[in-house]
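# A structural walkthrough
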Amino acid sequence: MTTRRNPFDNPSTVSAQAIPPDIYENLRVAKPRKRNRRWEKQHQSHKAVYRGVDPKLALQIKSIAAELLIPEGEVARAVIEHALRRYELGGLELHPRPNPYRMRMTLFPSSDSTHRSNKPVKPARPAKQKRSEALWKVITTWRGFPPELKRELADLASDDGLNVPVGELITALLRFGLKDYKRGLLTLEPVQKRTIFTLALEGNP
């Protein structure tokens, strides 16, 4: 005969019935891990974002980077810095011309603005103008650009400099630098980065 539990007994003395754990509890409590963006914040000043760079030239930079196994930003930096030095020495001439459709000057005038005449500018936009508008929508991003180079490009393209869009300036510099690279006047020599050694686990070769 089983003894009935006295309802007036102290409930703390009565063994509580085991409750199975909720397998979904951890799923509800777990939160997604936040991505560590410390490295990105520290190197944000070395990220260059430009609008209006000719995508064909950017693809050439990408192709050279893949061939040499180095980052695209380093190739673009070397090509642009080479063109800038040639510009300072007089080997590259940049002649901004008035742009009838914008307040700023342009390095790539349309066929109508290359001829000196007294004819009024036609309201119809030439094909080159439509192409420049399409290029303006293209955004090119490179990493590995020192802040000094970005400031030099911004100053040269500013109102006190050539007074042209920075995308046009970079396009002209890339075009000149890539031609020198193909002619062998610009040499890009990749250097192997320092490798990080690790300890081999016991039992592994």
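See above for the structure.
### Here's the deal with helix α3 (residues 55–68)
- The end-to-end C-alpha distance of α3 is 20 Å, a good match for the 20 Å that 14 residues give at a rise of 1.5 Å each.
- Along α3, the residues that are buried comprise L57, A58, I61, I64, A65 and L68. Buried residues of α3, viewed axially, fall in a sector of 120°; they line one side. When the buried face of α3 is taken as reference, the exposed residues oriented beyond 90 degrees from it are K56, L59, A66 and E67.
- Buried positions along α3 lie against α4 (72–88), β4 (139–143) and α8 (166–183).
- At the N-terminal boundary of α3, the capping side chain belongs to D54, with an oxygen 3.0 Å from the backbone nitrogen of K56.
- Positioned one or two residues after α3, L69 has a phi angle of 60°, which is positive.

### Topic: the side chain of H82
- Take H82: it is sitting in helix α4.
- Dropping the residues within four chain positions of it, H82 is found in contact with G177, D180, L185 and L186.

### Thoughts on the pattern of salt bridges
- Here the structure, examined in full by the defined rule, presents five salt bridges.
- Measuring nitrogen to oxygen at the nearest pair gives 2.7 Å for the salt bridge that ties E152 to R85. You can see E152 sitting in helix α7 (residues 147–157) and its partner R85 sitting in helix α4, a full 67 residues away along the chain.
- What makes R85 partly exposed here is its relative accessible area of 34%.

### Section: the nonpolar core
- Counting residues in each nonpolar core, the largest one holds 34 residues, and the members touching the most others are I80, W142, F145, L153, L169 and L174.
- Elements with a minimum of two residues in this core: β1 (47–51), α3, α4, α7 and α8.
- In terms of residue count, the dominant contributor to this core is α8 (seven residues).
- In this structure L153 touches Y50, I80, L84, F145, V166, L169, I170 and L173, once residues within four positions along its chain are discounted.

### A short note on the environment of E189
- Tracing the backbone shows E189 in the segment after α8.
- It is 10.0 Å that separates the C-alpha atoms of E189 and I70, two residues lying 119 residues apart in sequence.

### Some points on the pairing of β1
- Burial along β1 is one-sided: the face carrying A48 and Y50 is buried and the face carrying K47, V49 and R51 is not.
- Two elements, β1 and β4, share five bridges in a ladder whose sense is antiparallel. Note on β4: the bridge partner recorded for A48 is W142.

Rules used in this analysis
- Residues numbered from 1 in each chain as written.
- Predicted model: local features only at pLDDT ≥ 70, side-chain atom pairs only at ≥ 80, totals over all residues.
- Heavy atoms only, no water.
- Helix = DSSP H or I, 4+ residues; strand = E, 2+ residues; numbered from the N terminus.
- Expected span 1.5 Å × (residues − 1).
- Buried < 20%, exposed > 50% of the residue type's maximum accessible area, 1.4 Å probe, protein only.
- Arc of directions from axis to C-beta.
- Contact = heavy atoms within 4.5 Å.
- Polar contact = N/O pair within 3.5 Å; in protein donor to acceptor, adjacent residues only side chain to side chain.
- Salt bridge = Lys/Arg side-chain N within 4 Å of Asp/Glu carboxyl O.
- Core = buried A, V, L, I, M, F, W, Y, C linked by side-chain atoms within 4.5 Å.
- Pairing = 2+ DSSP bridges.

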